[in-house]
Amino acid sequence: MIDAISRAFTKTPTSPAEFDRLMNESHRKVYALALRLAGNPTDAEDLCQESYIRAYRFFHRYDAELSFTAWMYRILTNVHIDFRRRKGRVRTTSFDTTNQHGQTWDFADSTTSPDRVMMESTLEETMQLGLLSIGPDFRTAVVLADVEGLAYEEIAEIMQTSIGTVRSRIHRGRKQLRTYLEKHRKGVNA
Amino acid sequence: MNCSRATSLISAYLDSELSGRDMLSLQRHLNDCGSCQAELESIRTLRQELSSLREPDVPLGFESRLREAVYSAQPAKTATVRARTFLLTAACAAVVTLAVQQSMPRSPSQPVYLQNDIDTDQARLAASDPLSGAGPSLVSSPSYGP
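In this report, we go over the structure that sits alongside the text.

Basis of the calculations
- Every chain is numbered independently, its residues counted from 1 as its sequence is written.
- Each chain takes a letter, starting from A, and each ligand takes a number, starting from 1, following the order in which they are written.
- Restriction of local features to residues with pLDDT of at least 70 applies here, the model being predicted, together with a cutoff of 80 or more for giving and counting side-chain atom pairs; totals for whole chains, interfaces and linings are based on all residues.
- To get the side-chain values, all heavy atoms of the structure are used, and hydrogens and water are removed first.
- What counts as a helix is a DSSP run of H or I of at least four residues, what counts as a strand is a run of E of at least two, and both are numbered from the N terminus.
- To sort residues, take the accessible area from a 1.4 Å probe on protein chains only and compare it with the maximum for the residue type: under 20% means buried, over 50% means exposed, and anything in between is partly exposed.
- Throughout, a residue-residue contact means that at least one pair of heavy atoms, one from each residue, lies within 4.5 Å.
- Computed by Shrake-Rupley with a 1.4 Å probe, the accessible areas treat only the displayed protein chains as cover when residues are assessed.
- Only centres within 6.5 Å qualify two rings of Phe, Tyr or Trp (six-membered ring in Trp) as a pair; their planes then separate them into stacked at under 30 degrees, edge-to-face at over 60, and tilted for everything else.
- Grid points spaced at 1 Å over the protein atoms alone were grouped into cavities, where a 1.4 Å probe fits but cannot get out, and pockets, open sets with protein on both sides within 12 Å along at least five of seven lines, with lining residues defined by an atom within 4 Å of a point.
- Grid points are joined across faces, edges and corners, and a volume is the space filled by probe spheres set on the points.
- Amino acids are sorted into nonpolar (Ala, Val, Leu, Ile, Met, Phe, Trp, Tyr, Cys and Pro), charged (Asp, Glu, Lys and Arg) and polar (every other residue, Gly among them).
- Any residue with relative accessible area above 30% and no salt bridge may belong to a patch, with like charges joined within 9 Å and the nonpolar Val, Leu, Ile, Met, Phe, Trp and Tyr side chains within 5 Å.
- Counted as salt bridges are all cases of a side-chain nitrogen of Lys or Arg within 4 Å of a carboxyl oxygen of Asp or Glu.
- Buried Ala, Val, Leu, Ile, Met, Phe, Trp, Tyr and Cys residues that are joined via side-chain atoms within 4.5 Å together make up what is termed a nonpolar core.
- To get an axis, fit a line to the C-alpha atoms, keeping to the stretch in contact for a helix; angles then go from 0 to 180 degrees between the N-to-C directions.
- Should an angle fall under 35 degrees it is called roughly parallel, over 145 degrees roughly antiparallel, and 65 to 115 degrees roughly perpendicular, with every other angle called oblique.
- Take the far helix as your reference; a near helix turned counterclockwise from it by less than a right angle gives a left-handed crossing, and one turned clockwise gives a right-handed crossing.

Another aspect to go through is the overall build of chain A. Across its full length, chain A holds 9 helices and 2 strands. Across chain A, helices and strands are ordered from the amino to the carboxyl terminus as α-α-α-α-β-β-α-α-α-α-α. Residues classed as buried in chain A amount to 46% of the 190 residues present. In chain A, the proportion of contacts linking residues at least 24 apart, taken out of those at least 6 apart, comes to 61%. When the accessible surface of chain A is totalled, it reaches about 10,000 Å², and 49% of it is carbon and sulfur.

Laid out in structure tokens, this is it:
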């Protein structure tokens, strides 16, 4: 009886072995997207681990008729949003003075975005820096369209928004990225 | 179509995400507008640069760390576990329902006041029916005077 009800509950096999197989197939692409979004390998690995932990926990909700990698991209973009919020809360910057006890003050830094913090560490490629210079929603849409080669409809599904919003984000994101690259390459060539 | 509208459509045009009507309008505009043609080429180049980025290698030991993180976290709920949870919940609900029913006092089939009304009506009907044999003694007729 339990087996019969189990079958009624599932659209797909949800065994750990099946999850392991799908994780093995998808983790390189998921890591690549995480690196494009986060900007450095340490944060990219953290994003991947958190994404797969969530995926494993909610594996029973995965519909096998859909792409597992696309499902992972969706989870990853949500994890990235949470990640940026967390990073944004803890970031401080040093204030160049001391208080009456000779200690340095630390204030919340409102001028540095969480992703800029990630950028400070290891990124070298101009293009990757350019991607990090644009807003995270624009970056996600541009990376999914141009690096991953997804259609607007798929991107809308992953980002849980409308196709019109995706179109706008890609258009604006590309323009901002191009402006950054033009400025940077001019600076390098000068 | 003006240049502002045209440049807003160029990205979607390059991605083959424009409707036929917009695509034709944009193509007509591009044939006559050098600056929008330059914009198109600029975005096209950017797309090519992005699509040619190589897939990065995963760091050394990435897969084993990933597995350890995933499988040491909270285990997934399998279908069998969820089916057992469903059965257990259903069984508990049935037991509680039965217990509540058993603990309630048995109510009569009809309330007392309703039964009295029915008896009175039947008696009145019998009194008014000459074939029923019931005498006027069952129902007292109203008196209109001393």
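There's more to say after this.
Another point: the packing of aromatic side chains. With the rule as written, the count across this model stands at 11 aromatic pairs over all chains. An angle of 80° between the planes, with centres 5.1 Å apart, marks the rings of A:F19 and A:F59 as edge-to-face. With A:F19 in helix 2 (residues 16-38) and A:F59 in the loop between helix 3 (41-57) and helix 4 (68-90), the pair connects residues that are 40 residues apart, well separated along the chain. When its relative accessible area of 0% is taken as the criterion, A:F19 is described as buried. Relative to A:W71, the ring of A:F68 lies with its centre 5.8 Å away and its plane at 45°, an arrangement referred to as tilted. Note that A:F68 and A:W71 are positioned in helix 4 at a spacing of 3 residues, about one turn of the helix. A:W71 carries the same exposure label as A:F68, and that label is buried. Of the aromatic side chains, those joined through ring pairs into one cluster are A:F19, A:Y52, A:Y56, A:F59, A:Y62, A:F68, A:W71 and B:Y71.

With a probe scaled to a water molecule rolled over the atoms, the places where space remains empty come into view. In this structure the tally under the stated criterion is 1 cavity of 30 Å³ or more. In this model, the largest cavity occupies a volume close to 30 Å³. Taken together, A:M23, A:H27, B:E63, B:L66 and B:R67 make up the full set of residues lining the largest cavity. Mapped onto the lining of the largest cavity, the elements with two or more residues apiece are helix 2 of chain A together with helix 4 (62-72) of chain B. Here the residues of the lining of the largest cavity are counted per class, giving 2 nonpolar, 1 polar and 2 charged.

Nonpolar side chains collect at one region of the surface, where B:V96, B:V100 and B:M104 lie side by side and expose about 290 Å² of accessible area between them. Take B:M104: it is sitting in the loop between helix 5 (79-103) and helix 6 (112-128).

Right, let's get into the nonpolar core. Formed by 66 residues in total, the largest nonpolar core has its most connected members in A:F19, A:Y52 and A:F68. Aside from chain neighbours lying at most four places away, what touches A:F68 is A:F19, A:L22, A:M23, A:S26, A:Y52, A:F59 and A:Y62.

All names here are of chain A. Volume-wise, the largest pocket comes out at about 480 Å³. If you trace the largest pocket, you find 16 residues lining it, with A70, W71, R74, I75 and E157 closest to the centre. At the level of elements, helix 3, helix 4 and helix 8 (152-159) are the ones that each hand at least two residues to the lining of the largest pocket. In terms of residues, the lining of the largest pocket owes the most to one element, helix 4, which gives 5 residues. Residue composition of the lining of the largest pocket, by class: 8 nonpolar, 2 polar and 6 charged.

A separate point is the packing of helix 2 of chain A against helix 4 of chain B. With their axes 11 Å apart at the nearest point, helix 2 of chain A and helix 4 of chain B run at an angle of 130° to one another. The orientation of helix 2 of chain A with respect to helix 4 of chain B, classified from their angle, is oblique. Crossing geometry of helix 2 of chain A relative to helix 4 of chain B is assigned as right-handed. Counting all contacts with helix 2 of chain A, which are made through A:P16, A:F19, A:D20, A:M23, A:N24, A:H27, A:R28 and A:Y31, the residues of helix 4 of chain B involved are B:F62, B:E63, B:L66, B:R67, B:V70 and B:Y71. Considered class by class, the residues forming the contact of helix 2 of chain A with helix 4 of chain B number 8 nonpolar, 2 polar and 4 charged.

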